[in-house]
Amino acid sequence: MRNYDLITPEGTKDLLFGECIVRRDIERTLMELFKSRGYSEVITPGLEFYDVFNLNSRYFHQENLYKLTDSKGRLLVMRPDSTMPIARVVATRLRDAILPLKLCYAQTVYRTEPALKGRSDEIVQTGIELIGSQMKIADLEVISTAADSLTATGMEFSIELGHIGIFKELVSRLDATPSEKEQIRKLIENKNYPALNDVLDTFGESHVTTALKKLPSLFGGAEVFDKAEELMPDENIKLLLDELRDIYADASGLCGDAGSITVDLGLVNKTDYYTGLIIKGYLSGHGEEVVSGGRYDKLISEFGYDIPAVGFAVNVNAICKAVEKGGILPAMPSPDVIVYAEEGYEADAIRAAKELREQGFVVENALFDDIDSVRDYAKEKKIAKVIVIDGDSKEAEI
Amino acid sequence: MNRPIRIALTKGRLEKDTVGLLEKLGFDCTAVREKGRKLILPVPDGNLEVVLAKANDVITYVEHGVCDMGVVGKDTIMEMQGKFFELVDLGFGRCKFALATKKGYDFYSGYGIKTIATKYPNVARSFFEKKGMDTEIIKIEGSVELAPLLELADGIVDIVETGTTLKENGLEVIEDVAPISARLIVNTVSLKMRQEEIEGLIKKIEENL
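Just so we're clear, the structure is a prediction, and the values are computed from it rather than from any experiment.

The rules behind these values
Residues numbered from 1 in each chain as written. Chains lettered and ligands numbered in written order. Predicted model: local features only at pLDDT ≥ 70, side-chain atom pairs only at ≥ 80, totals over all residues. Helix = DSSP H or I, 4+ residues; strand = E, 2+ residues; numbered from the N terminus. Rg over C-alpha atoms; globule rule 2.2 N^0.38 Å. Buried ≥ 20, exposed ≤ 12 C-beta atoms within 10 Å, placed from the backbone. Contact = placed C-beta atoms within 7 Å. Pairing = 2+ DSSP bridges. Axes fitted to C-alpha atoms, helices over the stretch in contact; angles between N-to-C directions. Domains from an automatic or database assignment. Nonpolar A, V, L, I, M, F, W, Y, C, P; charged D, E, K, R; others polar. Parallel < 35°, antiparallel > 145°, perpendicular 65-115°, else oblique. Left-handed = near helix turned anticlockwise from the far one by under 90°.

Quick word on the overall build of chain A
Scanning chain A from N- to C-terminus turns up twelve helices and 15 strands. Here the C-alpha atoms of chain A give a radius of gyration of 27 Å, more than 25% beyond the 21 Å that 2.2 N^0.38 yields for 398 residues. Principal-axis analysis of the C-alpha atoms gives chain A an extent of 95 × 55 × 45 Å. Within chain A, buried positions represent 39% of all 398 residues. Sequence separation of 24 or more characterises 70% of the internal contacts of chain A that already satisfy a separation of 6 or more.

Below, the structure is given as structure tokens:
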């Protein structure tokens, strides 16, 4: 039998030194940003019952989940997402809490990705959930928080808005089976114009099919709304479009200099529990989205508490990757001082090191037999000062 | 300054057809035509860079965004799937996926599970799944036509262009699975972050198909 004791599983990796600094810095910056807006942190278990993610709407495919069983044989999963566990908490322990609830988190999610594709199965996400408000200002607060999060990376970015309601309304007016609707959704998501046209042609020509055909091409700036307006078949859908236009107009001024805000009416991802506004964030030069979120007014009701919510998650791994690609990793930090004890003065050396630490220095105890090895080690690790503790100097000064 | 737009081409016939198309649009593709062993080639007057890769790799590079666009056959897209925008049917590289058996073989008779040999297990599986048919699928790397002749398989799912190879080996197409042609795919972030450049290029391409 082969032993796998020297490698990590596919889709996982060890982070060392500078990589940890980058990751923790990003996590800390984002969490501070969220907390400065009044969000409070929650931590949910890494393991959840499978049922939490297997609601009626089945947002997660079972083949993408890491599964195990508990001691009673019940099916568990490694958390593939933080929003659904938070929805569970809100519907149970926070049911009587005053609204709106502002929650934030920084935790790892696990999803199985296809092997050998260079993808990670273990992703750190930080995000916010704003629960209990349907007001426009709630949407704007979430969008501007997403924009500020990407501004903090120091890179050029773009925030993109969509509205899943427009697609849902359009497709509901089509006399199609659920599997045909799913096929149409997928073709819009992939902006596969040729195949989308072929499928929609089988439904004959109508305002609805014309609008659906155009939906994936309706992305870009403010001009998108003018183009979309004339395509929308009735007032109900126009209302949704106006809602998005209104948010877009206000959000445009909230992105700062490094960011731009765009719109894509063809954002219709499947695994989304979103019911209205959709938010995506991109970094220039990074091939995948780094922010994903939106409004999910029906999700918490699936846990028995009917309450609207909006939020987003930042893919911290993706940001780390972009940061590391843009520059060199920070050097491993060097201690300021190394303290070497002559034989018999070990306890004195440990005391001396402690005193120096209390003065604010980073201090290491030398673990060598002779002073030459200490000097070599200090040189290699770029430690500026070596202090020797022997009978003469029981107290160290710098 | 942004790097040039990178377009990954599937080496071989699709590469030649695409270069022909780019030249029709007025791009100077001398470097691509005289490429030698180079794999990344500049198109000087277009702020464009051509990358030559195998079909599966075109998808991988575009998915990761290290190439903004790619030209790849629908056959590879159907087999590999992936997250990208499939914007244009380029119309060239036309052929089809088909189910073929030995001439005269009654494939759908009997209740025994049929064995299918193919280079495209995902395509074959989803084709039979839609029919509600449970099949055994065997992946073959080389000439798939051999499998039914050696009686390893009842049929094959493979790309058929003219059907000559099938005919010469006593096989025949009994059903079409899906039409195939070259597609222009685009990375999901590139399309948004460099919308003007990419849409401009696509518009030109569509006008010249």
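Some points on the sheet that holds strand S7 (residues 114–118) of chain B
All names here are of chain B. Read across the sheet, five strands follow the order S8-S7-S9-S6-S10 without closing on themselves; strand pairing throughout is mixed. Either end of the sheet is taken by a strand with one partner, and the two such strands are strand S8 (135–139) and strand S10 (171–180). For this sheet, the mean inter-axis angle between neighbouring strands, taken without regard to orientation, is 25°. The sheet contact formed by S7 and strand S9 (residues 155–160) spans three bridges and is parallel. Residue Thr118 lies in a different strand from S9, and its bridge partner there is Val157. Against the sheet, helix H5 (residues 121–130) engages strand S6 (95–102), S7, S8, S9 and S10, with an angle of about 170° to S8.

Quick notes on the domain arrangement of chain A
Segmentation of chain A into domains returns domain 1 (18–166 + 235–325) and domain 2 (337–397). Computed from C-alpha coordinates alone, the two centres of domain 1 of chain A and domain 2 of chain A are separated by 48 Å.

Things to note about the pairing of strand S4 (residues 75–78) of chain A
Residues and elements named next belong to chain A. Both strand S2 (residues 47–49) and S4 contribute to a ladder of three bridges, which runs antiparallel. Its bridge partner being in S4, Glu48 is matched across the sheet by Val77. Across three bridges, the pairing between strand S3 (residues 67–69) and S4 is antiparallel. Across the sheet, Thr69 pairs through a bridge with Leu75, a residue of S4. In textbook terms, the turn of a hairpin is the stretch between consecutive antiparallel strands, and for S3 and S4 this stretch comprises five residues, one of which, Gly73, has a positive phi near 85°.

Notes on the interface of chain A and chain B
Contact residues are listed per partner, giving 16 residues for chain A and twelve residues for chain B. Those elements that place two or more of their residues in the side of chain A that touches chain B are strand S7 (157–163) and helix H6 (193–201) of chain A. Its residues assigned to classes, the side of chain A that touches chain B comprises three nonpolar, nine polar and four charged.

Remarks on the packing of helix H3 (residues 136–151) of chain A against helix H9 (residues 235–251) of chain A
Residues and elements named next belong to chain A. At a minimum axis separation of 10 Å, H3 and H9 run at an interaxial angle of 45°. Put simply, H3 runs oblique to H9. Of the two elements, H3 crosses H9, and the hand of that crossing is right-handed. Together, Lys136, Asp139, Leu140 and Ile143 of H3 and Asp246, Ile247, Asp250 and Ala251 of H9 make up the contact between the two elements. Across the contact of H3 with H9, the residue classes tally to four nonpolar, no polar and four charged.

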